[in-house]
Amino acid sequence: MKNLKLIVNLIVVTSSLMFFQCTSDYTAIPGQDGENGTNGIDGVDGIDGIDGVGTQVCIDCHSDTHRSGIWDAYLTSNHGGDPAYSYESWDRGTRESCASCHNNEGFIDYIETGAVAVADASGNSYGISNPLSCTGCHDSHSSFDFENDGNDMAVRTAAPVDFKVFAEDPNLDDYILDYGNASNLCANCHQPRRGTPTPDANGKYMNTSTHWGPHHGPQTALLEGLLGAYTTFTLVEAIPAVKQAKHRTDTGSCVDCHMRHTTDGSYGHSWNPTRNNCSDCHGGPVEELKVTGLEEDMDTLGHLLEQVIGQAIARDANGDYQPVFEADGVTPVPVVGIVHYDAGDDAWHPVRGLFDLKAAEAAWNFLFILEDRSKGIHNPDYAKSLIKNSIANLQ
Ligand code: HEC
Ligand code: HEC
Ligand code: HEC
Ligand code: HEC
Ligand code: HEC
Ligand code: HEC
């Protein structure tokens, strides 16, 4: 393995020399060509490689055949950014606040320096925004001693990740996500960003945004068993503790279900859960694995939340939202539903208004499980209990 390191170092040194020659300030004085130099001495024969751990192992993985299945899968994935397959969120990463997760270059800068490029006056850090590509997730091996160090697959980072939410939550101060493998790479982006609803001076919750709720990628939060909202609830069922989910503790987390165990030559680069590992622990037809009763409970909760009565709000002269009253100045103008289902885009949306904190907490839990998109599978017991408690506390 030492030899390999040498070879790689040698390549690095030679290429930097080439770079030096091209760019150094060399002023040529015209004159006659010099004499040709003498031929160099023949190199010494290399040492025979050990069978099985020689360069063949490198070539096997670095060959075009090995990579073509990976490329094909990537191009049809959400990460690949093709509008036919993705939500087209990869053009959002010009903005400073979105660049670390929605732009390949932004992500690389964020991992390398801890921040994205400094924004210009309009709030943009990048002129263009590209989908996450091979170079976003991979750079180079940290070691070539695969026998002792394992093959890191040259992922850009597998370091533990800060769990970051905007809202102050003392329970989440310094919370670190650590799956002990390349799943930490995913954890940099698949985060909810926003925290649970907090009461105003009157103990109510004012929702001012139709995009309220956890940001679209709260998968890490559910897998951990974090960020359920139930401060106002009388619990009818215990909420499972943090880091208890078997899917977190007994699998290799994200990469185990979404990348490894594939047999189609994609090596997981569609990121569709492979299902081939489910049967290691579950009997029966894995395609049909569902969290018992969750779908029905989500329906029930959705309908209850559509009946919740709150107070309408409107912007005042300063642009701040204020509760709206009837002409008598004391009767609140009602708003019905803290979320509503829109048949047009077949999706649930939060509704603006002033609501009881309890309703806001139940709505948060509902949106959390929806946005996670695994139908509760990431953490079945936590999801079931959050939704059951939300229903019980609304009824
Ligand atoms: C199991 C797969 C695998 C094996 C085995 C493997 N690599 Fe890699 N290597 C990768 C991946 C994945 C990347 C990053 C993405 C890419 O370039 O395909 C990478 C990147 C690299 C890079 C950086 C490439 C660049 O463009 O910057 C070098 C150099 C490299 N590997 C050398 C080696 C050598 C030498 C060996 C054998 C000792 C080896 N690799 C074995 C998977 C592997
Ligand atoms: C911490 C990382 C992170 C940041 C920062 C972030 N996002 Fe996202 N966003 C994600 C992830 C992860 C997904 C995909 C989740 C999924 O597919 O379940 C996503 C999905 C989206 C989607 C598609 C979802 C849909 O259902 O249509 C949009 C649009 C979006 N983000 C907009 C933004 C905007 C705008 C910003 C900046 C204001 C932003 N995001 C900042 C991580 C982030
Ligand atoms: C979202 C991040 C991500 C992107 C984008 C990505 N990879 Fe990977 N890749 C990974 C991770 C993580 C692994 C290792 C999974 C594991 O630990 O089992 C991996 C593994 C690999 C391997 C080793 C496969 C094996 O086991 O033999 C190769 C080769 C590879 N990637 C090449 C590529 C190429 C080429 C692209 C671009 C078309 C690409 N990757 C894009 C995250 C990514
Ligand atoms: C740079 C941020 C980033 C990283 C790193 C990242 N993702 Fe994503 N991921 C996203 C965004 C953004 C989307 C949604 C893209 C779109 O469709 O517009 C997404 C989409 C997905 C989807 C498809 C979601 C769907 O709704 O169909 C899966 C599954 C996924 N990611 C898993 C992973 C896994 C596993 C890893 C780690 C190996 C990972 N991601 C690493 C940002 C990231
Ligand atoms: C126990 C296996 C397992 C683990 C561990 C796991 N996932 Fe999933 N994930 C799934 C399954 C199963 C689905 C549901 C897919 C479906 O409905 O077809 C899913 C759904 C998703 C989706 C939405 C995909 C879509 O098509 O809408 C994203 C994004 C995602 N997972 C990301 C992650 C991330 C990031 C991690 C690590 C923090 C992770 N997952 C850990 C099995 C797992
Ligand atoms: C390492 C073992 C292991 C693997 C791998 C695994 N699971 Fe699980 N799964 C469990 C255990 C244990 C439970 C029950 C405890 C719990 O809910 O945490 C469970 C619970 C579930 C449930 C809830 C069942 C119910 O009745 O509510 C579903 C659904 C599920 N798993 C789907 C999957 C899918 C899909 C995969 C593959 C992508 C998978 N699991 C992979 C161990 C595993």
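Computed from a predicted structure; not experimentally measured.

**A word on the site of ligand 3**
At step 1: Inspection of the region around ligand 3 gives 21 residues, with Cys134, Cys137, His138, Arg260 and His269 positioned closest.
At step 2: Side-chain polar atom of Arg260 to an oxygen atom of ligand 3: 2.8 Å apart, as the coordinates give it.
At step 3: His269 places a polar side-chain atom, nitrogen or oxygen, 2.9 Å from a nitrogen atom of ligand 3.
At step 4: Elements with a minimum of two residues in the shell around ligand 3: helix H3 (64–75) and helix H6 (134–137).

**Side note on the environment of Asp345**
At step 1: Mapping Asp345 onto the fold places it in the loop between strand E8 (339–342) and strand E9 (347–350).
At step 2: At 2.8 Å, the side chain of Asp345 forms a polar contact with the side chain of His349.

**Re the coordination of the iron atom of ligand 2**
At step 1: For the iron atom of ligand 2, the full set of protein donor atoms is His102 (NE2) and His215 (NE2), at a range of 2.0 Å.
At step 2: Coordination geometry of the iron atom of ligand 2: the 6 donor atoms subtend angles of 87 to 178° at the metal centre, consistent with an arrangement described as octahedral. With His102 in helix H4 (residues 99–102) and His215 in the loop between strand E3 (204–207) and helix H9 (219–224), this residue pair connects regions lying 113 residues apart in the sequence. No difference in accessibility class separates His102 from His215, as the two residues are buried.

**Concerning the packing of helix H13 (residues 294–307) against helix H14 (residues 357–372)**
At step 1: Two numbers describe how H13 lies on H14: the axes approach to 10 Å, and their chain directions differ by 140°. By the criterion of interaxial angle, the relationship of H13 to H14 is oblique. At the point where H13 passes H14, the crossing takes the left-handed sense. Of H14, the residues touching H13 (which contributes Leu294, Met298, Leu301, Gly302 and Leu305) are Ala359, Ala362, Ala363, Phe366, Ile369 and Leu370.

**Examining the side chain of Asp372**
At step 1: Its place among the elements puts Asp372 in helix H14.
At step 2: For the buried Asp372, no salt bridge is present, and the opposite-charge side chain at shortest range is Arg373, 8.4 Å distant.
At step 3: Dropping the residues within four chain positions of it, Asp372 is found in contact with Pro218, Gln219, Leu222 and His378.

**With respect to the confidence of the model for the protein**
At step 1: Of the residues in the protein, 86% reach a pLDDT of 70 or more, and the chain-wide mean stands at 89.
At step 2: Contacts from residues 1–29, a stretch scored under 50 in pLDDT, to residues over four places away or in other chains number 7 contacts.
At step 3: Between residues 46–52, whose pLDDT stays under 50, and residues either more than four places distant or in other chains, the model counts 2 contacts.

Cut-offs used in this document
Residues numbered from 1 in each chain as written. Chains lettered and ligands numbered in written order. Predicted model: local features only at pLDDT ≥ 70, side-chain atom pairs only at ≥ 80, totals over all residues. Heavy atoms only, no water. Near = heavy atom within 4 Å. Polar contact = N/O pair within 3.5 Å; in protein donor to acceptor, adjacent residues only side chain to side chain. Helix = DSSP H or I, 4+ residues; strand = E, 2+ residues; numbered from the N terminus. Donors = N, O, S within 2.8 Å, 3.2 Å for Na, K, Ca; no water. Tetrahedral: all angles 85-135°; square planar, octahedral: opposite > 155°, others 65-115°. Buried < 20%, exposed > 50% of the residue type's maximum accessible area, 1.4 Å probe, protein only. Axes fitted to C-alpha atoms, helices over the stretch in contact; angles between N-to-C directions. Parallel < 35°, antiparallel > 145°, perpendicular 65-115°, else oblique. Left-handed = near helix turned anticlockwise from the far one by under 90°. Contact = heavy atoms within 4.5 Å. Lys, Arg positive; Asp, Glu negative; His and termini not counted. Salt bridge = Lys/Arg side-chain N within 4 Å of Asp/Glu carboxyl O. pLDDT = per-residue confidence, 0-100.

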